[in-house]
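Residue strings, one per chain:
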Amino acid sequence: MALGMSCIISFTMSVINIGFHTMFIEKWLVTWRNSFAIAFPAAYLLPKGIRKLFKKIRFV
C-alpha cells in the first residue's frame, strides 16, 4: 500500500511542481524513492500508535 500511495502522490506532486520535461522520469524516480523511504515506516508504525490512542479515548 505504501508503495502504490507513494508512487501516485510523488508523481502528482512532481507534475504539479516541475511539469513534464526531458528529465521528468529521472527526477520523479528519485522523488518516489525518497517518498517511499518515508511512507513505508510511517505505514508500518503509525497504525500501532493510533490503535493505542483510540483504546484510551472513550466515545459517547
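Note that the coordinates shown come from a computational prediction; the quantities given were computed from them, not determined experimentally. Counting restarts for each chain, with residues numbered from 1 along the sequence as it is written. Side-chain atom pairs in this predicted model are given and counted only at pLDDT of 80 or more, local residue features only at pLDDT of at least 70, and totals for whole chains, interfaces and linings cover all residues. The side-chain figures draw on all heavy atoms in the structure; neither hydrogens nor water molecules are used.

S.K.: Even after reading the chapter, I still don't get the overall build of the protein chain, so can you show me in this structure?
M.R.: The helix and strand labels rest on DSSP assignments: H or I over at least four residues marks a helix, E over at least two residues marks a strand, and numbering proceeds from the N terminus. A tally of helices and strands in the protein chain yields two helices and zero strands. Radius of gyration (C-alpha) of the protein chain: 16 Å, far over the 10 Å computed for a compact globule of 60 residues. If you line up the protein chain on its principal axes, its C-alpha atoms span 55 × 20 × 15 Å. Calculation of accessible area relied on Shrake-Rupley with a 1.4 Å probe; when residues are assessed, cover is drawn exclusively from the protein chains displayed. For the protein chain, the exposed surface amounts to about 5200 Å²; the carbon and sulfur share of it is 74%. Within these notes, the globule rule equals 2.2 Å times the number of residues to the 0.38 power, and the radius of gyration is based on C-alpha atoms.

S.K.: Quick question: what am I supposed to make of the packing of aromatic side chains here?
M.R.: Ring pairs shown here join Phe, Tyr and Trp side chains whose ring centres sit within 6.5 Å, with only the six-membered ring taken for Trp; geometry is labelled stacked below 30 degrees between planes, edge-to-face above 60, and tilted in between. All chains considered together, the criterion is met by six aromatic pairs. Ring geometry for Phe11 versus Phe24: centroids 5.5 Å apart, planes at 85°, classification edge-to-face. On the criterion of sequence distance, the pair formed by Phe11 in helix α1 (residues 2-18) and Phe24 in helix α2 (residues 24-56) is long-range, its members being 13 residues apart. Any residue under 20% of the maximum accessible area for its type is buried, any over 50% is exposed, and the rest in between are partly exposed; the area is computed with a 1.4 Å probe on protein chains only. We classify Phe11 as partly exposed; its relative accessible area is 31%.

The values reported here are purely geometric and, on their own, carry no functional implication.
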